[in-house]
Amino acid sequence: MTSTAPVTKPPGTPPVPASASQVELSIGGMTCASCAARVEKTLNRMDGVTATVNYATEKAKVTYHEGVEVADLIARVEKAGYTAQEPAPPAPPSGEGSDGAAAPTAADGELLSLRQRLFVSLALSVPVVLMAMVPVLQFDHWQWLSLTLAAPVVVWGAYPFHKAAFTNARHGAATMDTLVSLGTLAAFGWSLWALFFGHAGLPGMRHGFDFTVSRADGSSAVYLEAAAGVTTFILAGRYLEARSKRKAGAALRALLELGAKDVVVLRDGKEVRLPVAQLAVGDRFVVRPGEKVATDGTVVEGSSAVDASMLTGESVPVDVTVGDTVTGATVNAGGRLVVEATRVGADTQLARMARLVEDAQNGKAEVQRLADRISGIFVPAVLLIAAATLGAWLGASGDTAASFTAAVAVLIIACPCALGLATPTALMVGTGRGAQLGILIKGPEVLESTRRVDTVVLDKTGTVTTGRMRLQDVFTAPGVAEGELLRLAGALEHASEHPIARAVAAGAEERAGSLPVPENFQNVAGLGVQGVVDGHAVLVGREKLLDAWAVELPEELSRAKAQAEAEGRTAVAVAWDGAARGVLTVADAVKDTSAEAVAELRGLGLKPVLLTGDNELVARSVAKAVGIDEVVAEVLPEDKVDVVKRLQAEGRTVAMVGDGVNDAAALATADLGLAMGTGTDAAIEAGDLTLVRGDLRVAADAIRLSRRTLATIKGNLFWAFGYNVAALPLAAAGLLNPMIAGAAMAFSSVFVVTNSLRLRAFK
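Residues numbered from 1 in each chain as written. Predicted model: local features only at pLDDT ≥ 70, side-chain atom pairs only at ≥ 80, totals over all residues. Heavy atoms only, no water.

1. A look at helix 25 (residues 697-732)
Working step 1: Counted at 1.5 Å a residue, the expected span for helix 25 with its 36 residues is 52 Å, and the 53 Å between its end C-alpha atoms agrees.
Working step 2: Gly734 occupies a position one or two residues after helix 25 and carries a positive phi of about 80°. (Helix = DSSP H or I, 4+ residues; strand = E, 2+ residues; numbered from the N terminus. Expected span 1.5 Å × (residues − 1).)

As structure tokens, then:
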């Protein structure tokens, strides 16, 4: 898939034009982090090309200018000894089997091949290892049985390593496969020489097994158990790694598979069932109870409750009726709906979520770039260390067998698998888990921002508050029943389209039941409404409207009105039949979860700041309700950026949470932008993290998940670096048997991936 986007070049690479094309390539043949580093370096050497290669996802994200073709990129990768192709478009629903099972992928075939090699190698190598380790099992000619069993393991089981090593050698490169291939072939070759030309082939030959290098006559020592055992251990590591990588990407695959497969479309008054791919913007389709909404749209008929838990993590179904928007892949939990499609295909929220998650998984954090640079020079360095180890042992002891064993152990223990997997696997699991919880992390760079943030700026309307006016308090004059006040005022306001009127009408209907129909309704511009309800001449609006009819508010209602306005609420006066009967207060309601969210953000060490264009009184009232001390009010939309910059100038690292078009610039300016998914497209595009739900508590979850993911990455890298730093000197000093070294190397990769998978349990 290709797109056009402005790009920036990583340090040390040539500049790219401001407008360039992007393509994502599937890379085949990579077996370790140094392979990924090699492909990345090869692509970045091309003029005007910027590439990031991810070993875990086996994809290259490439940006290139007009003078470069995709075919040129593929040819360059193939010249380096790997394969490259543009990913195939997602298969349509009809591409699935009749039982609904998805067709097997190339990754499944690779996993099956690895499993076959592993199990055959395991069956053949276990007897070889046991005979070498347990002297009592060493009958006459046991070494020849070991050779018979070990040969298929070293030749066929390790064939992928030999093939990759040979391919890389042809291109003047060395990777982890070079180390494995050299180590196993050296051990096997030495054993062949000892068996056919030395004393190891004699009938009574016996030798013990030691975890460290032991002195022995080189001509009578065989290392078949090391050659077969190392191959089997590394195959086991590769197999578990491949399985874990598939698990790590499971959240993204599940996200892509959430959508409906077919849809019932209304055509000329008839219901026609079609594949979702044939749905077009403007089509009206039917969603029955229990069915998935086929695509994003607007309800044009019916009312129901929609379960969006698989997209947003929100467990409570949301009521929808005519005029409300619904999202593709959500489930209709109630009545029949007719929906008009507003977005289809790649434009839907589900597709955009999947794209954001995949982009994040394909990116690289700064810590990963450091790991890549190290792994790129690591393999050649290990080859030199192995050669130096061999020379040093020969010079110091003259013991050929011990020297050779130490050098092989160095080759095998140093494989930098864990280094290459440390970041991508944690990133895959973390972003995938985030998607399940309604948190979309745009890229790995975001993770590093979350660690440094100390201030969180919260937009008020739509973020801390609902963004919709709601009826709050009802004050009545003596002798007036609250229900009657609400019925008469609500009936008149129901005929108005003003937001305050709608809030009064909705609140009245909720508290007093059905409302009567008014007569002689009249809207008085800027003041309120008037009309006749149940034979009463009713006025609802500002105090000035009542003044115009010579109606005065009694003292207790005036006090209630003044108090409400002091708290930032809007007061609505109600009168009928020439007398003031009550005051209703209306306000943009604070979300039920906002106070809890602010407390959680404080618990993460963040100082909350409320930012709004509303007046100071309203802002202070909302801030007090949710527990915020610092308020910046009466700010024009274009000035929100200046507020963020001022906080940054004070030395603060700022996160911004917003949902509107007027928040987009501030979201982009902040060190970390969190966009509410219920907000505008502009805000979502500008944010670093998108919170699919309109619940502010998810902001705290997002920061916690990001920090946890970053901590996992750093833990993985510490283990991978620490393992190699500690193990290489041990191997060079002759304190590790090659087979134990192979087992330890395989374990390090499995440990890193398993550690990353713990993020799946994040709540």
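From this point, the discussion proceeds with the structure in view.
2. Quick notes on the nonpolar core
Working step 1: With 48 residues, the main nonpolar core has Ile439, Leu458, Leu610, Leu672, Leu674 and Leu689 as its most contacted residues.
Working step 2: Ranked by residue count, the leading element in this core is helix 25, at nine residues.
Working step 3: Residue contacts for Leu674: discarding those within four places in its chain leaves Ala655, Met656, Val657, Gly658, Leu667, Leu689, Leu691, Ala699, Ala702 and Ile703.
Working step 4: Judged by nonpolar contacts, the second largest core, of 36 residues, contains Leu485, Ala489, Leu557 and Ala573. (Core = buried A, V, L, I, M, F, W, Y, C linked by side-chain atoms within 4.5 Å. Buried < 20%, exposed > 50% of the residue type's maximum accessible area, 1.4 Å probe, protein only. Contact = heavy atoms within 4.5 Å.)

3. A look at the UniProt feature "transmembrane region" (unreviewed entry) in the protein
Working step 1: According to UniProt, the feature "transmembrane region" (unreviewed entry) maps to residues 118-136, 142-159, 179-200, 220-240, 374-395, 401-423, 716-733 and 739-757 in the numbering used here.
Working step 2: Between the end C-alpha atoms of residues 142-159 there is a gap of 25 Å, over a span that is 94% helix and 0% strand.
Working step 3: Taken end to end, residues 716-733 comprises 94% helix and 0% strand; its first and last C-alpha atoms sit 26 Å apart. (UniProt positions renumbered as here; feature names shortened; annotations may be inferred.)

4. Thoughts on the sheet that holds strand 11 (residues 318-320)
Working step 1: With respect to topology, three strands assemble into an open sheet ordered 11-10-13, the strand pairing being antiparallel. The open sheet has two edge strands with one neighbour each: strand 11 and strand 13 (331-332).
Working step 2: Bridge analysis of strand 10 (residues 304-307) against strand 11 gives three bridges, and the strand direction is antiparallel. Its bridge partner lying in strand 11, Ser304 is registered against Val320. (Pairing = 2+ DSSP bridges.)

5. Structural notes on the packing of aromatic side chains
To describe a pair of aromatic rings, one takes the distance between the centres and the angle between the planes.
Working step 1: Under the criterion given, the structure shown has three aromatic pairs.
Working step 2: Summarising the aromatic geometry, the rings of Trp144 and Phe196 are spaced 5.3 Å apart at their centres and angled 75° between planes, so their arrangement reads as edge-to-face. One end of the pair, Trp144, is in helix 4 (residues 142-157); the other, Phe196, is in helix 6 (residues 176-197), and 52 residues separate them in sequence.
Working step 3: Here Phe196 falls in the exposed class, since its relative accessible area comes to 52%.
Working step 4: Where Trp190 meets Trp193, the ring centres are 5.9 Å apart and the plane angle is 50°; that geometry is what we call tilted. Pair noted here: Trp190 and Trp193 are both in helix 6, with a separation of three residues, about one helical turn.
Working step 5: The exposure class assigned to Trp190 is buried, which follows from its relative accessible area of 15%.
Working step 6: Since its relative accessible area comes to 42%, Trp193 is described here as partly exposed. (Phe/Tyr/Trp six-rings, centres within 6.5 Å; stacked < 30°, edge-to-face > 60°.)

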